[in-house]
Amino acid sequence: QKEVEQNSGPLSVPEGAIASLNCTYSDRGSQSFFWYRQYSGKSPELIMFIYSNGDKEDGRFTAQLNKASQYVSLLIRDSQPSDSATYLCAVNMDMDSNYQLIWGAGTKLIIKP
Amino acid sequence: ETGVTQTPRHLVMGMTNKKSLKCEQHLGHNAMYWYKQSAKKPLELMFVYSLEERVENNSVPSRFSPECPNSSHLFLHLHTLQPEDSALYLCASSQGSGVYQPQHFGDGTRLSIL
């Protein structure tokens, strides 16, 4: 069973702190990893993608990938109330010789002013 | 303005009705996708079109019928749906369907089956 697992939350973080979101995946051969943000009633919006082990930074966001341990994380520095949303992790996996994005159910993040 | 436009935004239909969902992308992409999103569940991939050819059909019931007349337009035709089909239906597009191509989503159609 090819799966992407996320803690559903809610994860509550004070404004200005670092929010840490985690995702584990089942397919060791996965090569690409994506983080999306979804506000209530809206569609998923791409935040970051990462392909190589290590860290990738973009503004207040840092994606971290550890292929050996099969996890990917998203750090949000200086959290703002506008960061309150559900964060979806998506991983490309080989599904019967076709690659598909497999999605986690999302982690709900609440930033408290 | 979003690069992927979906209409209608909301749809309420009876189980015996026939309706269609429309998606149009303005990003110059050549792959398009239909997803179903139910509350507290992961996105479920329904169909993938690459260069207007269907390349994936994830065991979706035949009451859902996709159509891709060109690389910018995608339709989902609906008939004799069931209450469990009530969900948010999302269209996405990407530049190619390879593993490194991020997908960009429309705002979705909220479908309610009476």
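These numbers come from a predicted model, not from an experiment.

About the cut-offs
Residues numbered from 1 in each chain as written. Chains lettered and ligands numbered in written order. Predicted model: local features only at pLDDT ≥ 70, side-chain atom pairs only at ≥ 80, totals over all residues. Heavy atoms only, no water. Phe/Tyr/Trp six-rings, centres within 6.5 Å; stacked < 30°, edge-to-face > 60°. Buried < 20%, exposed > 50% of the residue type's maximum accessible area, 1.4 Å probe, protein only. Helix = DSSP H or I, 4+ residues; strand = E, 2+ residues; numbered from the N terminus. Lys NZ or Arg CZ within 6 Å of the ring centre and 35° of its normal. Disulfide = S-S within 2.5 Å. Contact = heavy atoms within 4.5 Å. Buried area = accessible area lost by both parts, 1.4 Å probe. Salt bridge = Lys/Arg side-chain N within 4 Å of Asp/Glu carboxyl O. Polar contact = N/O pair within 3.5 Å; in protein donor to acceptor, adjacent residues only side chain to side chain. Pairing = 2+ DSSP bridges. Axes fitted to C-alpha atoms, helices over the stretch in contact; angles between N-to-C directions.

**Student:** Explanation requested: the packing of aromatic side chains in the structure shown.
**Tutor:** Both the distance between ring centres and the angle between the ring planes are used here to describe each pair of aromatic rings. Under the defined criterion, the tally for this structure stands at 12 aromatic pairs over all chains. With a centroid separation of 4.9 Å and an interplanar angle of 50°, the aromatic rings of A:Tyr25 and A:Phe33 are classed as tilted. Across the pair, exposure class does not vary: A:Tyr25 and A:Phe33 are buried alike. A ring pair is formed by B:Tyr35 and B:Phe105, whose centres lie 5.6 Å apart and whose planes are at 45°; its orientation type is tilted. In this pair, B:Tyr35 is assigned in strand β4 (residues 31–37) and B:Phe105 in strand β10 (residues 104–105), connecting sequence segments 70 residues apart. Across this residue pair, the class does not change: B:Tyr35 and B:Phe105 are buried. Counting every residue linked through ring pairs, the aromatic cluster contains A:Tyr36, A:Trp103, B:Tyr33, B:Tyr35 and B:Phe105. Taking NZ or CZ as reference, A:Lys56 lies 3.8 Å from the ring centre of A:Phe49, over its face. Here the guanidinium or amino end of A:Arg60 rests over the ring plane of A:Phe61, the centre of that ring lying 5.5 Å away.

**Student:** Explanation requested: the state of the cysteines in the structure shown.
**Tutor:** Simply put, disulfide is the name for a covalent bond between the sulfur atoms of two cysteines. Taken as a whole and judged by the stated rule, the model has two disulfides over all chains. Between the sulfur atoms of A:Cys23 and its disulfide partner A:Cys89 the distance amounts to 2.1 Å. Handedness of the A:Cys23-A:Cys89 disulfide follows from its S-S torsion of about -70°: it is left-handed. Of the two residues, A:Cys23 sits in strand β3 (residues 19–25) while A:Cys89 sits in strand β9 (residues 85–95), which places them 66 residues apart along the sequence. Each member of the pair, A:Cys23 together with A:Cys89, is buried. Paired through a disulfide, B:Cys23 and B:Cys91 show a sulfur-sulfur distance of 1.9 Å. Taking the sign of the S-S torsion, about -70° here, the bridge from B:Cys23 to B:Cys91 comes out left-handed.

**Student:** How do you make sense of the environment of B:Val48 when you look at a structure like this?
**Tutor:** All names here are of chain B. Residue placement: Val48 occurs in strand β5 (residues 44–50). You can call Val48 buried: its relative accessible area is 6%. Considering only alpha carbons, one finds Val48 and Lys19, 29 residues apart in sequence, at a separation of 20 Å. Beyond its immediate sequence surroundings of up to four residues, Val48 is in contact with Met32, Tyr33, Glu53, Arg54, Val55 and Glu56.

**Student:** Hey, could you run me through the interface of chain B and chain A in this one?
**Tutor:** One widely used convention gives an interface's size as the accessible area the parts lose upon coming together. Counting residues at the interface gives 23 residues for chain B and 20 residues for chain A. Summed over both sides, the interface between chain B and chain A buries roughly 1,700 Å², with carbon and sulfur atoms accounting for 55% of that surface. When the buried surface of chain B facing chain A is broken down by residue, B:Val99, B:Tyr100 and B:Phe105 rank first, second and third, together holding 33% of it. Where chain B packs against chain A, one counts zero salt bridges. Taken together, chain B and chain A are joined by eight residue pairs in polar contact (both at pLDDT 80 or more). The set of elements that each furnish at least two residues to the side of chain B that touches chain A consists of β4, β6 (53–57), β9 (87–94) and β10 of chain B.

**Student:** Help me understand the sheet that holds strand β8 (residues 73–79) of chain B, please; the structure alone is not making it clear to me.
**Tutor:** Two pairing modes exist for strands in a sheet, parallel and antiparallel, and in both the strands are linked by backbone hydrogen bonds. Residues and elements named next belong to chain B. The strand order across the open sheet built from four strands is β1-β3-β8-β7, with neighbouring strands paired in antiparallel fashion. Both edges of this open sheet fall to β1 (4–7) and β7 (64–70), since each of them pairs with a single strand only. The sheet shows a mean angle of 15° between the axes of neighbouring strands, direction not considered. Sheet topology note: the β7/β8 ladder contains five bridges and is antiparallel. Directly across from Ser65, in β8, lies its bridge partner His77.

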